[in-house]
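Listed below, chain by chain, are the residues.
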Amino acid sequence: GALFFNDVKDGQLSGFETLTFLPFMTNQAYRSYGFEGSINARLAEGLELTAGGAWIKSRVVDATAAALASGVRNGNEVPQVPSFTANVALSYRVAAAPLGIPGYFNARAEYQFVGSRYSDVQNSPGAKMEAYHIVNGQVGWEKDNLKVYAFARNLLDERPLAGWDRMELGPH
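Along each chain, numbering runs from 1 in the same order as the chain's sequence is written. In view of the model being predicted, local features appear only for residues whose pLDDT reaches at least 70, and side-chain atom pairs are presented and counted only at 80 or more, with totals across whole chains, interfaces and linings using the full set of residues. The basis for every side-chain value is the complete set of non-hydrogen atoms in the structure, without hydrogens or water.

(A) The environment of Ala109, seen in detail. Among the structural elements, Ala109 can be located in strand E5 (residues 104-114). Exposure remark for Ala109: the relative accessible area of 43% places this residue in the partly exposed category. For the pair Ala109 and Gly137, spaced 28 residues apart in the sequence, the C-alpha separation amounts to 4.5 Å. The contact definition used throughout considers only heavy atoms, calling two residues in contact when any of these lie within 4.5 Å. Leave out the neighbours within four places in its chain, and Ala109 touches Val88, Ala89, Leu90 and Asn136. Think of it this way: any DSSP run of H or I at least four residues long counts as a helix, any run of E at least two long counts as a strand, and we number them from the N terminus. Three labels apply to residues, based on accessible area from a 1.4 Å probe with only protein chains included: buried if under 20% of the type maximum, exposed if over 50%, partly exposed otherwise in between.

(B) Focus on the nonpolar core. Only buried residues count toward a nonpolar core. Its members are Ala, Val, Leu, Ile, Met, Phe, Trp, Tyr and Cys residues joined through side-chain atoms within 4.5 Å. Judged by nonpolar contacts, Leu13, Tyr30, Val60, Ala63, Ala67, Val72, Val78 and Val121 together constitute the single largest core of eight residues. Apart from residues no more than four positions distant in its own chain, Ala67 is found in contact with Thr26, Gln28 and Val72.

(C) A look at the packing of aromatic side chains. Aromatic pairing here means that ring centres of Phe, Tyr or Trp (its six-membered ring) are within 6.5 Å. Orientation follows from the plane angle: under 30 degrees is stacked, over 60 is edge-to-face, and everything else is tilted. Scanning the model with the defined rule gives two aromatic pairs in all. Between Tyr33 and Trp55, the ring centres sit 5.9 Å apart and the planes meet at 65°, which makes this aromatic pair edge-to-face. Residue Tyr33 is located in strand E2 (residues 22-44), and its partner Trp55 is located in strand E3 (residues 47-61); the two are separated by 22 residues in the primary sequence. Aromatic pair Phe84 and Phe113: ring centres 6.0 Å apart, planes at 45°, arrangement tilted. Residue Phe84 is located in strand E4 (residues 84-95), and its partner Phe113 is located in strand E5; the two are separated by 29 residues in the primary sequence.

What follows is the structure, encoded as structure tokens:
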């Protein structure tokens, strides 16, 4: 695990101009701190658990006059930074020899959580992206340097936003 603190000067952050509906970039000071960690555990012969997570607090400090005029405020969350993320995976590997096949069969299931976060530096109400969950799976066979896998990504068919798709003005 790791504890961290970042004091950034002139970091490029994205915003959205409410009068023109155009995106913009602004150089702002911000601070981020938090904790991240991971574990790997062998639960039984061939069965492994991997898990990790992070808690982050990241806020704008010393907003410039131009940024203040566009709606940026000291204390706003830094865009695209969720306050919490987590992942867990369970892997199983077993010899294929009992079936008369050389090598190993394996299977893996993965889960990822990404918390809510803003897509703009102004923290606009319509720009808060919801948390999402991703589940992946994989099965395969391997021998020495040869690996054959079948995999499925995003089994829950989540449609997370990489950026916001609307701007909602006014009180909510």
